[in-house]
Amino acid sequence: MKNIGELMKQAQEMQAKMAEMQAQLEALELTGVSGGGMVQLILNGKGDLKKIQIDKTLLAPEEVEVLEDLIVAAFNDARVKVSAHAEQEMQKLTGGMKLPGGMKLPF
């Protein structure tokens, strides 16, 4: 039964580290860019949109479709960065241990 006690202790330590990592991810800001910098989006580490910057030349009515596409592209760029960063942090936390298929942490 000594092993179970040690296992519980390790689980509690892992839980505390996860909570700390989630707080760090929420404070993190990553920028997605498209159109050569004409559209920039800032997401926090949890994927929440915090800010958007749009070059004023894209605000012409005839540029609406281009602007829409650039916003989507910038968001996707930022989301990839957020996912990659979260995965790196998770690997640090788990010591490189792979999670079972379908398990997505910390979200």
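Cut-off values and rules
Residues numbered from 1 in each chain as written. Predicted model: local features only at pLDDT ≥ 70, side-chain atom pairs only at ≥ 80, totals over all residues. Heavy atoms only, no water. Helix = DSSP H or I, 4+ residues; strand = E, 2+ residues; numbered from the N terminus. Buried < 20%, exposed > 50% of the residue type's maximum accessible area, 1.4 Å probe, protein only. Areas by Shrake-Rupley, 256 points an atom, 1.4 Å probe, with all protein chains shown as cover. Pairing = 2+ DSSP bridges. Salt bridge = Lys/Arg side-chain N within 4 Å of Asp/Glu carboxyl O. Axes fitted to C-alpha atoms, helices over the stretch in contact; angles between N-to-C directions. Contact = heavy atoms within 4.5 Å. Expected span 1.5 Å × (residues − 1).

### Structural notes on the overall build of the protein
Line of reasoning, step 1. Along the backbone of the protein there are 2 helices and 3 strands.
Line of reasoning, step 2. Ordered by position in the sequence, the α and β elements of the protein form the string α-β-β-β-α.
Line of reasoning, step 3. For the protein, buried positions account for 23% of its 107 residues.
Line of reasoning, step 4. Of the roughly 7,500 Å² of accessible surface on the protein, 56% is carried by carbon and sulfur atoms.

### Observations regarding the pairing of strand E1 (residues 29–34)
Line of reasoning, step 1. The side-chain alternation of E1 yields one buried face, formed by Leu30, Gly32 and Ser34, and one unburied face, formed by Glu29, Thr31 and Val33.
Line of reasoning, step 2. As paired strands, E1 and strand E2 (residues 39–44) are joined by 6 bridges and run antiparallel to one another. When the sheet's bridge partners are listed, Ser34 is paired in E2 with Val39.
Line of reasoning, step 3. What sits between the antiparallel neighbours E1 and E2 is a turn of 4 residues, in which Gly35 has the positive phi angle 60 degrees.

### Quick look at the pattern of salt bridges
Line of reasoning, step 1. Under the counting rule described, the total for this entry stands at 2 salt bridges.
Line of reasoning, step 2. Between Lys81 and Asp77 there is a salt bridge, with the nearest N and O atoms lying 3.4 Å from each other. Taken together, the positions of Lys81 and Asp77, both in helix H2 (residues 64–94) and 4 residues apart, correspond to about one turn of that helix.
Line of reasoning, step 3. With a relative accessible area of 26%, Asp77 lands in the partly exposed category.
Line of reasoning, step 4. Residue Glu89 is joined to Lys92 by a salt bridge in which the shortest nitrogen-to-oxygen separation is 3.0 Å. Remark: Lys92 and Glu89 occur in helix H2; sequence separation between them is 3 residues, near one turn of the helix.

### Here we look at the sheet that holds strand E3 (residues 49–54)
In a beta sheet, neighbouring strands are held together by backbone hydrogen bonds and run either parallel or antiparallel to one another.
Line of reasoning, step 1. The strand order across the open sheet built from 3 strands is E1-E2-E3, with neighbouring strands paired in antiparallel fashion. Looking at which strands have only one partner, the edges of the open sheet turn out to be E1 and E3. Averaged over neighbouring strand pairs, the angle between their axes works out to 15 degrees when direction is ignored.
Line of reasoning, step 2. As paired elements, E2 and E3 share 5 bridges and run antiparallel to each other. Each residue of the ladder has a partner; that of Ile42, found in E3, is Lys51.
Line of reasoning, step 3. Relative to E1, H2 is tilted by about 145 degrees, and along the sheet it contacts E1, E2 and E3.

### Here's the deal with H2
Line of reasoning, step 1. Over its 31 residues, H2 runs 45 Å from end to end, which matches the ideal 45 Å to within 8%, given 1.5 Å per residue.
Line of reasoning, step 2. Listing the buried residues of H2 in full gives Leu67, Leu70, Ala74, Ala78, Val82, Ala86, Glu89, Met90, Leu93 and Thr94.
Line of reasoning, step 3. Gly95 sits one or two residues past H2 and shows a positive phi near 70 degrees.

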